[in-house]
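# Observations on the three-dimensional arrangement
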Amino acid sequence: MICSTLRRVGHVHIYLVRKASGVSKGHHQQTVGSRPAASEFAARGASGNVLELLGKSYPQDNYSNLSRKVLSRVGRNLHNQQHHPLWLIKERVKEHFYQQYVGRFGTPLFSVYDDLSPVVTTWQNFDSLLIPADHPSRKKGDNYYVNGTHMLRAHTSAHQWDLLHAGLDAFLVVGDVYRRDQIDSQHYPVFHQLEGVRLFSKHELFTGIKDGESLHLFEQSSRSAYKQETHTMEATKLVEFDLKQTLTRLVTHLFGDAGAQDQIGWAFGLGLERLAMILYDIPDIRLFWSEDERFLQQFRVSDINQKVKFQPLSKYPAVINDISFWLPSENYTENDFYDLVRTIGGDLVEKVELIDKFEHPKTHKTSHCYRITYRHMERTLSQREVRRVHQAVQEAAVQLLGVEGRF
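Report follows, based on the coordinates. (Residues numbered from 1 in each chain as written. Predicted model: local features only at pLDDT ≥ 70, side-chain atom pairs only at ≥ 80, totals over all residues. Heavy atoms only, no water.)

What follows is about the overall build of the chain. For the chain, the helix and strand inventory stands at ten helices and 15 strands. The burial tally for the chain puts 50% of its 407 residues in the buried class. Carbon together with sulfur atoms contributes 50% to the accessible area of the chain, which is approximately 20000 Å² in total. (Helix = DSSP H or I, 4+ residues; strand = E, 2+ residues; numbered from the N terminus. Buried < 20%, exposed > 50% of the residue type's maximum accessible area, 1.4 Å probe, protein only. Areas by Shrake-Rupley, 256 points an atom, 1.4 Å probe, with all protein chains shown as cover.)

Pasting the structure below:
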């Protein structure tokens, strides 16, 4: 997929797309094959270790950085769990597109793919979208790599190239995506995206437009391996208008009144958790993974369009502990620490904040101090219980990240 125009509106990514020419390439198990991983923190190991994931085997290498916390989420597919709030959002979007966009024979114009494997190649996740080899979005610190050639998708766009080259020109993709990120009520290493793509031929785009037969998709320009032809202003404006109209209709439906050589198109991506948190007043992203019936039963409705206002579970008190340490001279990233805390503390961890940064005037060593907020979603935590978890975080930080504790 080639992106010719990219904008970001809030949490919605909008970009005009065009299919590029070329030739196509190419029960959850949380186990590590030939021998156990080196620690409980991550499923990583020396060359020769094998990770069994979704029925397939993947050799491990120095790129492997999947935490056991994240591995436990692969295959859960919350968006396909009936009556889950993410499933409700997905079904409402599907219903809207099925009703509003109908093909020539009365069948839905958009096809839906919601069960594609989250394990993709780095080529699918980056190269197929023309993301350069040195682009910062490829960083190991920001992604979950199975190995040097495979990863957990960072976006549903990883499937665009394959679907477009299968001959599709209007589709929705829904799935879980994985990114190493900060820890707070809005961020989680696993979340869910819904993406829409639509392409138009010259005939489809200009039909009904005055003097449309004289209009063109592209200006007089040449195409190379690094640059596509330039779209005409008329084509770009019409596609932008169609995308704006499509999203306006979708938002109104949800919230109420509050590439080919001869095609052009648009694509958008929506975060299902963000939509559900607004629609249903869900205050914390961790709740989507709850198996507490007090949470789940609130979304067992007979009509997917029925209004639901989440009734909070009892608000249990937080337990707060700080941790500070000297950073190693190299190879430290904040996302490594966040991932470690999330893996050890699990969903007991509500938030991690960097509250102080200090550089020693003589040694020039840097110290970080983080404030970790622990809160159970279903019961009261004791300081003694939290202290054990916090001590495990301290020990793991020293052992696995090479920091020097100031505990």
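Another point: the sheet that holds strand S13 (residues 349-359). Across the sheet, which stays open at both edges, the four strands sit in the order S13-S14-S12-S15 with antiparallel pairing between neighbours. Both edges of this open sheet fall to S13 and strand S15 (404-405), since each of them pairs with a single strand only. For strand S12 (residues 319-326) and strand S14 (residues 366-374), the ladder comprises eight bridges, and the chain directions are antiparallel. When the bridges of S14 are listed, Ser 324 appears paired with Cys 369. Each of S12, S13 and S14 is contacted by helix H9 (residues 334-345), which is oriented at about 145° to S13, the strand it contacts most. Against the sheet, helix H10 (residues 383-401) touches S12, S14 and S15, its axis set at about 20° to S12. (Pairing = 2+ DSSP bridges. Contact = heavy atoms within 4.5 Å. Axes fitted to C-alpha atoms, helices over the stretch in contact; angles between N-to-C directions.)

This brings us to unusual backbone geometry. Unusually for a residue other than glycine, Leu 54 sits at a positive phi of about 55°. Among the secondary structure elements, Leu 54 is positioned in the loop between strand S4 (50-53) and strand S5 (56-59). Of the residues examined, Leu 54 reaches a relative accessible area of 29% and is grouped as partly exposed. Even without being a glycine, His 83 presents a positive backbone phi close to 75°. Inspection of the secondary structure puts His 83 in the loop between helix H1 (68-71) and helix H2 (85-100).

Okay, the environment of Asp 114 next. Relative to the assigned elements, Asp 114 resides in the loop between strand S6 (111-113) and strand S7 (119-121). Overall, the relative accessible area of 17% leaves Asp 114 in the buried class. Along the primary structure Asp 114 and Asn 80 are separated by 34 residues, whereas in three dimensions their C-alpha atoms are 7.6 Å apart. Not counting the four nearest positions on each side in its chain, Asp 114 is found in contact with His 79, Asn 80, Lys 90 and Val 174. Looking at Asp 114, its side chain comes within polar contact range of the side chain of Lys 90, at 2.8 Å. (Polar contact = N/O pair within 3.5 Å; in protein donor to acceptor, adjacent residues only side chain to side chain.)

The next subject is the side chain of His 376. Within the secondary structure layout, His 376 lies in the loop between S14 and H10. For His 376, a relative accessible area of 17% puts it in the buried group. Among the polar contacts listed, one links the side chain of His 376 to the backbone nitrogen of Glu 378, at a separation of 2.9 Å. A polar side-chain atom of His 376 sits 3.5 Å from the main-chain amide nitrogen of Arg 379. For His 376, the contacting residues outside a window of four places in its chain are Tyr 316, Leu 348 and Leu 381.

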